[in-house]
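Descriptive analysis of the structure
Here's the letter readout for the chains.
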Amino acid sequence: MTRQILTRRRFLIGSTLGVSALTLASCDVLEQNADVGAVIRSAETLTMKAQRLLQGRDALAREFKETDISPSFRVNGTSQPESEEYTALIESRFADWRLKIDGLVERPKELSLGDLRALPARTQITRHDCVEGWSAIGKWTGVPLGLVLASAQLKPSARFALFHCADELEKTLDGSGRYYESIDLVDAFHPQTILAYAMNGKDLAVGHGAPLRLRVERQLGYKQAKYVMRIEIVDSFNGFWGGNGGYWEDRGYEWYAGI
Ligand SMILES: Nc1nc2c(c(=O)[nH]1)N[C@H]1C(S)=C(S)[C@@H](COP(=O)(O)O)O[C@H]1N2
Ligand SMILES: [Mo]
């Protein structure tokens, strides 16, 4: 098992992002920032701050043993995106798939699965908690999101990573049911936040989000975006679908879904 422990502090030293990410993420700045205030409801901000204060910003979610892995892990939400584009990707076994990284970055990227697999990997056995009331333990392997974002060099105005997914669910808002999600830079650079391409030692199955899904272990199931096609670095959610930072958030769920 390759296990790369990247502490956020060690990781940020020497990166161009260092100072701005640390400053941006401090509670004081969050409080003063009108943009953030506008998108995050106050009770949730309290939850987020309390969790980070009590447990520490880099506190790890619990990790389990191989023997704890659930014999079956439910597929929830989309089980296979229906677009022609995604169907063609399955047929080519994702050889033509590229992860786009753009928005507030100095160096936009297009990465193949091979590119991602060539980067240092992290494996973690964690519990997934769905808001609907079920949980399952799985083993996830992928590349730390922070590594990928650092290589794209975030601009000082960067605040959130927004994940564009391949699937559409119910089209109720603005005629679009596109699944999307977002996290802030504290979670983006957390050591357990990975872009997973394998589950339980095998390539990620279509039902679980092939070829790539987000694991952001201190938050609930709906934050774990499957079928990630593009990561856009933004400073606000305004103008993205319902403006609340995620498909379920636009339908009333909390943006910060701390467990
Ligand atoms: N793209 C996409 N990501 C998604 C969903 C989805 O429908 N589409 N469902 C979410 C919900 S509510 C949960 S609980 C988990 C389910 O992941 P699983 O299918 O691997 O169990 O994915 C989350 N990520
Ligand atoms: Mo869920």
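Everything quoted here is computed from the prediction, not taken from an experiment.

1. Examining the confidence of the model for the protein chain
Taken as a whole, the protein chain shows an average pLDDT of 87; of its residues, 83% reach a score of 70 or greater. Note on residues 1–32: pLDDT is under 50 here. Beyond four places in sequence and across chains, it has 52 contacts.

2. Some thoughts on the side chain of R213
Locating R213 in the fold gives a position in strand 9 (residues 213–215). In this structure, R213 is buried with no salt-bridge partner, the nearest side chain bearing the opposite charge being E217 at 8.2 Å. In terms of polar contacts, R213 uses its side chain to reach the backbone carbonyl oxygen of H208, at 3.2 Å. A distance of 2.9 Å separates a polar atom in the side chain of R213 from the backbone oxygen of Q224.

3. Structural notes on the packing of aromatic side chains
Two aromatic rings are characterised by how far apart their centres lie and by the angle between their planes. Scanning the model with the defined rule gives 13 aromatic pairs in all. An angle of 20° between the planes, with centres 5.4 Å apart, marks the rings of Y179 and Y247 as stacked. You can see Y179 sitting in strand 6 (residues 176–184) and its partner Y247 sitting in the segment after strand 10 (228–234), a full 68 residues away along the chain. Summarising the aromatic geometry, the rings of F240 and W241 are spaced 6.4 Å apart at their centres and angled 40° between planes, so their arrangement reads as tilted. For F240, a relative accessible area of 16% puts it in the buried group. Among the aromatic residues, those joined into a ring-pair cluster are Y179, Y222, Y247, W248 and Y253.

4. What to know about the site of ligand 1
Among the 22 residues in the neighbourhood of ligand 1, the closest are listed as R74, D167, H208, R213 and K226. Interatomic distance of 2.8 Å between a backbone N/O atom of N76 and an oxygen atom of ligand 1. Between ligand 1 and Q224 there is a distance of 3.0 Å, counted from a nitrogen atom to a backbone nitrogen or oxygen. The protein chains hide 98% of the 530 Å² of surface that ligand 1 would expose on its own. Looking at the shell around ligand 1 element by element, the count peaks at three residues for strand 5 (residues 160–173). Considered class by class, the residues forming the shell around ligand 1 number 10 nonpolar, eight polar and four charged.

5. Observations regarding helix 5 (residues 42–55)
The end-to-end C-alpha distance of helix 5 is 20 Å, a good match for the 20 Å that 14 residues give at a rise of 1.5 Å each. All of the buried residues along helix 5 are E44, T45, M48, K49, Q51 and R52. Angularly, the buried residues of helix 5 cover 160° about the axis, an arc narrow enough to put them on a single face. Turned more than 90 degrees away from the buried face of helix 5 sit S42, A43, L46, L53 and L54, all of them exposed. Positive backbone phi, at 90°, marks G56, one or two positions downstream of helix 5.

6. Let's talk about the nonpolar core
When a protein is soluble and globular, its nonpolar side chains tend to lie buried together. Counting residues in hydrophobic clusters, the biggest one holds 44 residues, and the most contacted among them are W97, L99, L145, L149, F163, L195 and I231. Setting aside its immediate chain neighbours within four residues, L145 contacts F163, I183, A188, T193, I194, L195, L214 and I231.

7. Quick notes on the environment of E232
With respect to the helices, strands and loops of the structure, E232 is situated in strand 10. Spatially, the C-alpha atom of E232 lies 7.5 Å from that of L104, the residues being 128 residues apart in sequence. Not counting residues within four places of it along the chain, the set of residues in contact with E232 comprises D102, G103, F160, A161, L162, H164 and F240. At 2.7 Å, the side chain of E232 forms a polar contact with the side chain of H164. Within the structure, the side chain of E232 is placed 3.3 Å from the side chain of R230, a separation counted as a polar contact.

8. Considering helix 8 (residues 145–152)
If you check which residues of helix 8 are buried, you get L145, G146, V148, L149 and A152. Down the axis, helix 8 shows its buried residues gathered within 160° of arc, on one side only. In the stretch just after helix 8, Q153 is the one whose phi turns positive, near 55°.

Procedures and definitions
Numbering of residues starts from 1 in each chain and follows the order in which that chain's sequence is written. Chain A is the first chain written and ligand 1 is the first ligand written, with later ones labelled in order. Owing to the predicted nature of the model, reporting of local features is limited to residues with pLDDT of at least 70; listing and counting of side-chain atom pairs is limited to 80 or more, with chain, interface and lining totals taken over all residues. Excluded from the side-chain calculation are hydrogens and water; included are all heavy atoms of the structure. Per-residue confidence from the prediction method is given by pLDDT, with values spanning 0 to 100. Whether two residues touch is decided by their heavy atoms; if any such pair falls within 4.5 Å, the residues are in contact. A run of H or I in DSSP becomes a helix once it reaches four residues, and a run of E becomes a strand once it reaches two; helices and strands are each numbered from the N terminus. Classification of residues uses two cut-offs on accessible area relative to the type maximum, computed with a 1.4 Å probe and protein chains only: under 20% is buried, over 50% is exposed, and between them is partly exposed. When charges are counted, neither His nor the chain ends are considered; positive counts come from Lys and Arg and negative counts from Asp and Glu. We define a salt bridge as a side-chain nitrogen of Lys or Arg found within 4 Å of a carboxyl oxygen belonging to Asp or Glu. Throughout this description, a polar contact denotes any pair of N or O atoms lying within 3.5 Å of each other; where both atoms belong to protein, one of them has to be capable of donating a hydrogen while the other can accept it, and for residues adjacent in sequence the pair is counted only when both atoms sit in side chains. In summary, the pairing rule links any two rings of Phe, Tyr or Trp, Trp by its six-membered ring, whose centres are within 6.5 Å, and it sorts them by plane angle into stacked for under 30 degrees, edge-to-face for over 60 and tilted for everything else. Any residue with a heavy atom lying within 4 Å of a molecule or strand is counted as near it. Residue-level accessible areas treat just the shown protein chains as cover; the underlying method is Shrake-Rupley with a 1.4 Å probe. In this classification, the charged set is Asp, Glu, Lys and Arg, the nonpolar set is Ala, Val, Leu, Ile, Met, Phe, Trp, Tyr, Cys and Pro, and all remaining amino acids, among them Gly, are polar. What a helix should span is 1.5 Å times the count of its residues minus one. What the arc covers is the set of directions going from the helix axis to the C-beta atoms. Only buried residues count toward a nonpolar core. Its members are Ala, Val, Leu, Ile, Met, Phe, Trp, Tyr and Cys residues joined through side-chain atoms within 4.5 Å.

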